[in-house]
Amino acid sequence: MSEVFNKREYLKNLIKRTKTEDSEKLKKEIQQILSEISPLEIAIVEQELMNEEGISVDEVRKVCNIHIDVLESKTKGPNLDVPKWHPIYILVKEHEHFQEKVVEFKKLVDQINQKDNFSEAMPLIIKIQEFIDEFENLELYFQKEENVLFSVIEKHGIEKPPMVMWKEHDVFRTLRKELKQLKENRQINFKDLKEKLWNISTAMVDLILNHIYKEHFVLFPSALETITDEEWKTIREEFDKIGYCCYKPEEYPKENDNTNDEDITIEKINYMIKKYLEKSSSDKIEFPSGVLTKKQLLWILNTLPVDITFVDENDEVKYFSETKDRIFVRSRTIIGRKVQNCHPEKSIEIVNKILSDFKSGKRDKADFWLKLGEKYVYIQYFAVRDENGKYIGTLEVTQDIAPLQKITGEKRIYDDQD
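Residues numbered from 1 in each chain as written. Predicted model: local features only at pLDDT ≥ 70, side-chain atom pairs only at ≥ 80, totals over all residues. Heavy atoms only, no water.

- As named in an unreviewed UniProt entry, the protein is DUF438 domain-containing protein, taken from Thermosipho japonicus.

Here is the structure:
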C-alpha cells in the first residue's frame, strides 16, 4: 500500500512540474509512472490535484493525453500476419475503429470540461449522441468474439483469456449504459455532468486500449497457434451471419473445385466419405406419434415462433433453432461448448443453480422476463426428462411477448391483414 501511495505522490509532483516545465525528459518520467500504476490510482491523483491544489483541467489533460499516448503505443501489437479475409484481421480493423472513437470521445469530454456552463457546452454535449450510437455498434464486435471466436478457442483448452475478455466487454456495456443515462438526465447540474463524463470517458479509454493490448498480445496469437484452417473458415462464415459495424471485410476466397490429384489430402478424402455416408443414410426419423424427414423436422423447428436451445446432461450445448429473427445471437461454433462458457461471469452462478435444481429434481421449470428495447423477452427453462424421469438436459425457450400483450377481444375469421 505504501508503495502505491509513494507512486501517487511522485505522479502528483510530476504533474505539478508541468505548470512550469515542458520537456521530453519530464514527459518520459510521466509515461513511466503511468505505466506502473492503475487507472483508478491515476484518477484519484487527478481528482486530488484539482480539488486540493488548484491544478487546472488543462494541466490534468496534458497528463491524460500522455496516458492515452502510452496506451495507444501498446495496442499496436505484434505482426499477426494474416490475410485480409481472416477473422483476426477483421477484429484488428474493428479495434482500430473503436480505439479511434473512444479517444475522440475522451477529447470531446476534455473540451466540455473547459466550458463554464450548459449554454457554452451545449454544441459539444449534443455530439455525445454520435458516440453513444458508435458504442452501440460495438455490440456486433462483442457478439462475434463471445459467440464465435471464444467458443472455438475454448475447445482447444484455452478458457481463462476469453473469460477475462468477456468480463471486460460487460464492463464497457455498463459504462455505455451509464453514458446513456447521463445524457437523458435532465436534472443534473453542469459540474456533476462534467465530473461523470470525465470518469466515464477515462474508464472507457483505459478499458478499450488495455483490452485491445491483451487481445493483440495474448488472445489472438494463442488463437492463431491453436485454431485450424477449417475452423477459421467456419468462424468467418459465422462472423458474416452476425455482421459488421464499421468495416466491410474482403470476401472469403472461393475454393477451386478443379483440384489436381496432388491436392487431394487424407482430410479431403475423409470429408468426401463422410458426406457420402450422410447422403446414403435414412432421411426419415420415426417418432411414436409419426414420421418426419430430416428436412421437415429442421424447418418445423426453424419456423416455430420461439427460439429454442438444448443443453445435454453434461451441460454441453447440443442444438439451437435458427429462426429468422433470433432474439439472442447464436453461432454454430457453440455446439459442444459448456453452457457456463456461453454466459458472462455474473450470470454463471444463476445458470449453475438452475441446472443443479433440474438435475436434483427440485424444479422442472424456471422463468425470466426482461425489456430489450421495444421487445419484452420471456425466457423459459425446462428440465427435459425421459420416460423414467431421468434428467437428460435443459431446454431454453425464448420469445418476444410484446405482440401477445397487445391482443384483446377475439378473432374468428381469416383475413388478409396478417
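## Some details on the sheet that holds strand β4 (residues 317-320)
- With antiparallel pairing, 5 strands are arranged side by side in an open sheet as β4-β3-β7-β6-β5. Of all the strands in the sheet, just β4 and β5 (365-372) have a single pairing partner and so form its edges. Averaged over all pairs of adjacent strands, the angle between strand axes in this sheet comes to 15°, irrespective of strand direction.
- With 6 bridges joining them, strand β3 (residues 307-312) and strand β7 (residues 391-400) adopt antiparallel strand pairing. (Pairing = 2+ DSSP bridges. Helix = DSSP H or I, 4+ residues; strand = E, 2+ residues; numbered from the N terminus. Axes fitted to C-alpha atoms, helices over the stretch in contact; angles between N-to-C directions.)

## Concerning the confidence of the model for the protein
- With 83% of its residues at a pLDDT of 70 or more, the protein has an overall mean of 85.
- In the model of the protein, helix α11 (residues 266-280) stands out as the element of lowest mean pLDDT, 55, in contrast to β7, which has the highest, 97.
- Contacts for the low-pLDDT stretch residues 257-262, under 50 throughout, to residues beyond four places or in other chains number 2 contacts. (pLDDT = per-residue confidence, 0-100. Contact = heavy atoms within 4.5 Å.)

## Let's talk about the packing of helix α5 (residues 87-113) against helix α9 (residues 190-226)
- Look at α5 against α9: their axes get within 9 Å of each other, and the N-to-C directions meet at 160°. When the axis of α5 is compared with that of α9, the two are roughly antiparallel. Relative to α9, the crossing made by α5 is left-handed.
- Along the lines of polarity and charge, the residues of the contact of α5 with α9 split into 19 nonpolar, 6 polar and 4 charged. (Parallel < 35°, antiparallel > 145°, perpendicular 65-115°, else oblique. Left-handed = near helix turned anticlockwise from the far one by under 90°. Nonpolar A, V, L, I, M, F, W, Y, C, P; charged D, E, K, R; others polar.)

## Overview of the pairing of strand β2 (residues 290-293)
- Pairing of strand β1 (residues 284-287) with β2, which is carried by 4 bridges, proceeds in the antiparallel orientation. Bridging across to β2, Phe287 finds its partner in Gly290.
- Between β1 and β2, which pair antiparallel in sequence order, lie 2 residues.

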